[in-house]
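Observations on the model geometry
Chain by chain, the residues:
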Amino acid sequence: MGTRENPHVLVVGGGPSGSTAAALLARSGVEVTVLERDTFPRYHIGESLLASCLSTLQVSGAYEKVAAHGFQIKRGGYFQWQNDTWLLDWSKLVDAEAWSWQVDRAVFDDLLLRNASDQGAKVIERAKVTDIVFDGERPIAAEWVAAGDDTVRTIEFDFLVDATGRDGLLAKHFGMRRQHPAFRNVAVWSYWKGASLHPDSPEGAINVVSTEEGGWFWNIPLSDGRNSVGYVVPTRLAAEKLRGHDSRQSFYLDSIQASKRMLDMLEGAERISDVQAEQDYSYVADRFCGPGYALVGDAACFLDPLLSTGVHLATYSGLVSAAAITTMLRGEMSETDALAYYEYTYRRGYTRFLSLVSRMYEHYIGSDEYFAHAHRLTDVHDGDSPEQSFTRIMAGLTDVGETTGEQDRTGTDVIVAEAERLHTAPDTEGVNVKYMGGLDMSPVWDHWRDPLSDTDMGEIRITTEPVFGLTTRPRTDAERDAVTRPVLPPHDGAAAAL
Ligand SMILES: Cc1cc2nc3c(=O)[nH]c(=O)nc-3n(C[C@H](O)[C@H](O)[C@H](O)COP(=O)(O)OP(=O)(O)OC[C@H]3O[C@@H](n4cnc5c(N)ncnc54)[C@H](O)[C@@H]3O)c2cc1C
């Protein structure tokens, strides 16, 4: 640990995960610097937000600024998935408070980064981190260059938050990022004027339309009259199809032509931008944290966009990591315990979504099974149907409920079993269960298994009063008797209380 009187946290990357963590840490009185490679506003794909983002923005101080911008209100999703139609209306299936926005990410991300600065973080744009300096296992400084200047500068810190998104600064440094073979997908997308949603859609809903060949479209309405329309398809299939096309644009347009449902929505609409593409974007890191560092948002993991989980997981991990870091910096919890909470909580949320999304991809098993599965992955609200459990998870509200203590963390056994199934299933030819086939993932799950139920720390939740951070309720004797031995991340030797 450094010897400075005020500990300094460096956040690398100013997307939604980095700016949320930075804003929350700065609001808590921590000295924070954000180094961001680009100049904001900058383009980013990923416009559809979950309802959970609202509460995180309220805690980070960004809510009023985002609300004032007037983004398109979103009240759920309309899915034409295989032979089924699901109308996931958050107002009806959750409550009237469950809503969100469809956002132009350039504007949204810029508002969040400015908010981090308003809350007291020092934000430096056009600043690319090129290397991290370690003292043993612990990162202690970063080397960075300003755009247009080759001078290498060094910045020291006491704790590092890696929010570099797909670039994955630390995951690549440690060689610990694993691709999800089953989600080897390509996304191609463009923007349209004059497109419509299915008439039964809830207000501003994302429309998701599957195709017979195993792909799916998104149709997201934005506030300026544009719609983001994308097509996701297995990479293998895309490669075959692209051979018959002279460009990805003609592949994209032909795919739309082959979908009657999409043609209906795009009737009379005009495409107003080039076709863009990304591929093979689903992965997970072996560790989400270690001595002196945490990986947040896409830097830790990314899940296929079928349930629009990216910005939720980014802001959620920003929130949970900031709560853990500020609590340990105040000396109220050891670094090992605080990071164990972070690792567990973020991986739990991510894995629950992974489990739902992978079932939807596996083969057609019907909405009843998807909804019933969701019911097993969560503490069921009084009187909720399986469809309501699915909707609550898919609105991001289950994750938030668990961290605030409004919902019990039930379903752990099912989540762990699913994680193991998805990560160790045999490499079965032609079946969509290859995931991590053949790789030994046991070290990951060993330190992921609920560290909290195994320790004397008791029940931990995130609170904002009297101060933002983690609050512990000590276990009763009976609870302590019921728990098993501690299983914490393997950093105990190197991690010191701050
Ligand atoms: C096809 C597709 C569709 C998607 N659709 C949705 C959707 O509808 N809804 C949704 O919620 N999510 C969606 N996502 C995902 C979502 O966009 C991401 O999950 C989200 O942007 C993650 O936020 P982040 O802050 O972790 O990373 P990012 O937003 O990627 O931010 C990372 C930042 O780090 C900076 N950076 C990188 N390296 C360095 C460095 N060395 N030094 C300094 N700075 C650095 C980058 O410039 C960048 O600004 C989609 C993704 C894809 C691929």
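Not measured: the values here are computed from a predicted model.

Observations regarding the site of the ligand
Neighbouring the ligand are 34 residues; Glu 36, Ser 48, Arg 105, Asp 298 and Val 311 lie closest to it. For the ligand, a nitrogen atom lies 3.1 Å from a polar atom in the backbone of Arg 37. Ser 48 places a main-chain nitrogen or oxygen 2.8 Å from a nitrogen atom of the ligand. Protein burial of the ligand: of its 1,000 Å² of free accessible surface, 96% is covered by the chains. Within the residue set of the shell around the ligand, elements represented by two or more residues are helix H1 (16-27), strand S8 (127-135) and helix H10 (310-329). When its residues are assigned to classes, the shell around the ligand shows 14 nonpolar, 11 polar and 9 charged.

Overview of the nonpolar core
Ranked by size, the top nonpolar core spans 108 residues in total, and within it Val 9, Trp 86, Trp 218, Leu 307, Tyr 342, Met 360 and Phe 390 carry the most contacts. Counting residues per element, this core draws most heavily on helix H11 (residues 335-362), which supplies 12 residues. Membership of the second largest hydrophobic core comes to 19 residues, among which are Val 229, Phe 251, Met 265 and Leu 266.

Observations regarding the sheet that holds strand S10 (residues 153-156)
Strand pairing in a sheet takes place through backbone hydrogen bonds and is either antiparallel or parallel in direction. As summarised here, the arrangement of the 3 strands in space is S8-S9-S10, forming an open sheet in which the pairing is antiparallel. At either end of the open sheet lies a strand with only one pairing partner, and these are S8 and S10. The mean inter-strand angle of the sheet, taken between neighbouring strand axes irrespective of direction, is 30 degrees. As paired elements, strand S9 (residues 138-146) and S10 share 4 bridges and run antiparallel to each other. By the bridge assignment for S10, Glu 143 is matched with Thr 154.

Definitions and limits used
Residues numbered from 1 in each chain as written. Predicted model: local features only at pLDDT ≥ 70, side-chain atom pairs only at ≥ 80, totals over all residues. Heavy atoms only, no water. Near = heavy atom within 4 Å. Polar contact = N/O pair within 3.5 Å; in protein donor to acceptor, adjacent residues only side chain to side chain. Areas by Shrake-Rupley, 256 points an atom, 1.4 Å probe, with all protein chains shown as cover. Helix = DSSP H or I, 4+ residues; strand = E, 2+ residues; numbered from the N terminus. Nonpolar A, V, L, I, M, F, W, Y, C, P; charged D, E, K, R; others polar. Core = buried A, V, L, I, M, F, W, Y, C linked by side-chain atoms within 4.5 Å. Buried < 20%, exposed > 50% of the residue type's maximum accessible area, 1.4 Å probe, protein only. Pairing = 2+ DSSP bridges. Axes fitted to C-alpha atoms, helices over the stretch in contact; angles between N-to-C directions.

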